[in-house]
Amino acid sequence: MAKKKKKEKKIAKKLLHKYRLVILNEDTFEERFAIKLTRLNVFVLTSLSAIFLVFFTILLIAFTPLREYIPGYSSAKLKKEASVLNYKTDSLVQELELNKRYYASIRKVLTGDVSTVEFNRDSIIEAAKNDVDILQITTNKEDSLLREKVQKEDKYNLFEESTNQNSFVLFPPVNGTISEEYNIEDKHFAVDVVVANDTPVKATADGTVIFAEWTVETGYVVIIEHNQELISVYKHNSAITKYQGDLVKAGEVIAMSGNTGELSTGPHLHFELWSKGYPVNPTNFIDFQ
């Protein structure tokens, strides 16, 4: 028991034993700074410093943007921004896929890679006759009188006009001689109109330019989308005056005719008309003379 008390006194004496920390000038050995320390003081100061350093580090991480640089830690703001960017990226991917499909369809129009549909004329006429036979309904006297009354009212009605919403006027893009006609068998879904170089090429109707670029085979090409799912194509131009996305009016100059592209053999305009994805003969709607 006495040994244990003696040992405790010895430890307390060591902790409370005073030391002197002196800082001397190395050249003159002049005392510049001195402080009295004990082991207990050094232990207490070191512990307090460590506690203060840990507390200050926690505050710095919790209330400053430095926490975002710690691996594995992410703020709510960063998560929200990441979610928004993810949604935008997904939307851009879908939009890009739609554009790829749209340009693929336009490429088929430019290259003429469109399958033709053959109809049996006799079967269509026979089906039309059958429809007429089905629609032949016997009428009575009252029905005939009602029809006659309605016809008279429409005949003398001066305030209503019978308008055809499908009427669509197309203007000739150029005036000239047609060197090659529209021919489905040869997959020539256009008319070639011979004109002089740098002749103004005009829009055949109001619409939006959906393509205006240079191609190796057909030179400068302009494609315009009109109402009623109608598309007009102008190829082998020497220059274009419109850009993709421009709105044009009927008769507005969109390009200058020329002889550009590998498939051109002379100054002319290669003009195509597409209705609802199918080629149509432009001469049925436009007089190029």
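Preceding this section is the structure that the text describes.
Residue positions are given per chain, counted from 1 along the sequence in the order it is written. With the structure being a predicted model, the display of local features is reserved for residues of pLDDT at least 70 and the display and counting of side-chain atom pairs for 80 or more, all residues being used for whole-chain, interface and lining totals. Hydrogens and water are ignored here; the side-chain numbers use all heavy atoms of the structure.

Caption draft 1: Looking closely at the overall build of the protein chain. Looking only at helices and strands, the protein chain features 5 helices and 12 strands. Think of it in three bands: residues with accessible area under 20% of the maximum for their type are buried, residues over 50% are exposed, and the middle band is partly exposed, with areas taken using a 1.4 Å probe on protein chains only. The buried share of the protein chain, reckoned over its 289 residues, is 23%. Restricting the contact set of the protein chain to residue pairs at least 6 apart, pairs at least 24 apart contribute 57%. What counts as a helix is a DSSP run of H or I of at least four residues, what counts as a strand is a run of E of at least two, and both are numbered from the N terminus. Contacts: residue pairs with any heavy atoms within 4.5 Å of one another.

Caption draft 2: Representation of a positive patch on the surface. The residues that make up patches have over 30% relative accessible area and no salt bridge, and they are joined within 9 Å when like-charged or within 5 Å when they are Val, Leu, Ile, Met, Phe, Trp or Tyr. For the accessible areas, the method is Shrake-Rupley and the probe is 1.4 Å, while residue cover comes only from the protein chains on display. Think of a salt bridge as a Lys or Arg side-chain nitrogen and an Asp or Glu carboxyl oxygen that are within 4 Å of each other. A positive count includes Lys and Arg, and a negative count includes Asp and Glu. His and the chain ends are not counted in either. Each charge is placed at NZ for Lys, CZ for Arg, CG for Asp and CD for Glu. A grouping of Lys 6, Lys 10, Lys 14 and Arg 39 is seen on the molecular surface, where their side chains present a positively charged patch. Ranked by residues supplied to the positive patch, first place goes to helix H1 (residues 2–16) with 3 residues.

Caption draft 3: Here's a closer look at a negative patch on the surface. A grouping of Glu 180, Glu 181, Glu 185 and Asp 186 is seen on the molecular surface, where their side chains present a negatively charged patch. On the secondary structure map, Glu 180 appears in strand E3 (residues 177–180). On the basis of relative accessible area, Glu 180 is assigned to the partly exposed category, the value being 37%.

Caption draft 4: The pattern of salt bridges, seen in detail. Under the definition given, this model contains 4 salt bridges. A salt bridge links Glu 97 to Arg 101, with the shortest nitrogen-to-oxygen separation between them at 3.8 Å. Taken as a pair, Glu 97 and Arg 101 lie in helix H3 (residues 76–111) at a separation of 4 residues, close to a single helical turn. In this structure Arg 101 comes out as exposed when scored by relative accessible area, which is 56%. Among the salt bridges present, the one from Lys 242 reaches Glu 252, with a minimum N-O distance of 2.5 Å. One end of the pair, Lys 242, is in the loop between strand E8 (230–240) and strand E9 (247–248); the other, Glu 252, is in the loop between E9 and strand E10 (253–257), and 10 residues separate them in sequence. On the basis of relative accessibility, which here comes to 16%, the residue Lys 242 falls in the buried class.

Caption draft 5: View of the side chain of His 270. Within the secondary structure, His 270 is located in strand E11 (residues 268–275). His 270 gets classed as buried once you look at its relative accessible area, which sits at 11%. At 2.9 Å, the side chain of His 270 forms a polar contact with the side chain of Asp 192. The contact partners of His 270, leaving out residues within four places of it in the chain, are His 188, Ala 190, Val 191, Asp 192, Val 233, Tyr 234, Lys 235 and His 236. Think of a polar contact as two N or O atoms within 3.5 Å of one another; within protein, one of them needs to be a possible hydrogen donor and the other a possible acceptor, and neighboring residues in sequence only count if both atoms come from side chains.

Caption draft 6: Seen up close, the packing of aromatic side chains. Here is the rule: rings of Phe, Tyr and Trp (six-membered ring for Trp) pair when centre to centre is within 6.5 Å. Planes less than 30 degrees apart are stacked, more than 60 are edge-to-face, and the remainder are tilted. Under the definition given, this model contains 6 aromatic pairs. An angle of 55° between the planes, with centres 5.2 Å apart, marks the rings of Tyr 234 and Phe 271 as tilted. Of this pair, Tyr 234 sits in strand E8 while Phe 271 sits in strand E11, and the two are 37 residues apart along the sequence. Judged by its relative accessible area of 0%, Phe 271 is buried.

Caption draft 7: Region of interest: the pairing of E8. Judged by how many residues are buried, E8 sits mostly within the fold: 8 of 11 residues are covered. Pairing between strands is defined by DSSP: at least two bridges between the two strands are required. Here 5 bridges tie strand E7 (residues 219–225) to E8, and the two strands are oriented antiparallel to one another. Note on E8: the bridge partner recorded for Ile 224 is Ser 232. Where E8 meets E11, 6 bridges bridge the pair, whose relative direction is antiparallel. Residue pairing for E11: Ser 232 is matched across the bridge by Leu 273.

Caption draft 8: Structural view of the nonpolar core. Residues grouped as a nonpolar core are buried Ala, Val, Leu, Ile, Met, Phe, Trp, Tyr and Cys residues, joined through side-chain atoms within 4.5 Å. With 35 residues, the main nonpolar core has Ile 223, Ile 224, Val 233, Tyr 234, Ile 254 and Phe 271 as its most contacted residues. For this core, the secondary-structure elements that each account for two or more residues are H3, strand E4 (191–194), strand E6 (207–215), E7, E8, E10 and E11. Ile 223 has contacts with Ile 106, Leu 110, Thr 208, Val 209, Ile 210, Phe 211, Ile 231, Ser 232 and Val 233, leaving out every residue within four places of it along the chain.

Caption draft 9: Looking closely at unusual backbone geometry. The residue Lys 187 is not glycine, and still its phi comes out positive at about 55°. Summarising the element assignment, Lys 187 is placed in the loop between E3 and E4. One non-glycine residue with positive phi stands out, namely Gln 228, at about 60°. Inspection of the secondary structure puts Gln 228 in the loop between E7 and E8. Since its relative accessible area comes to 39%, Gln 228 is described here as partly exposed.

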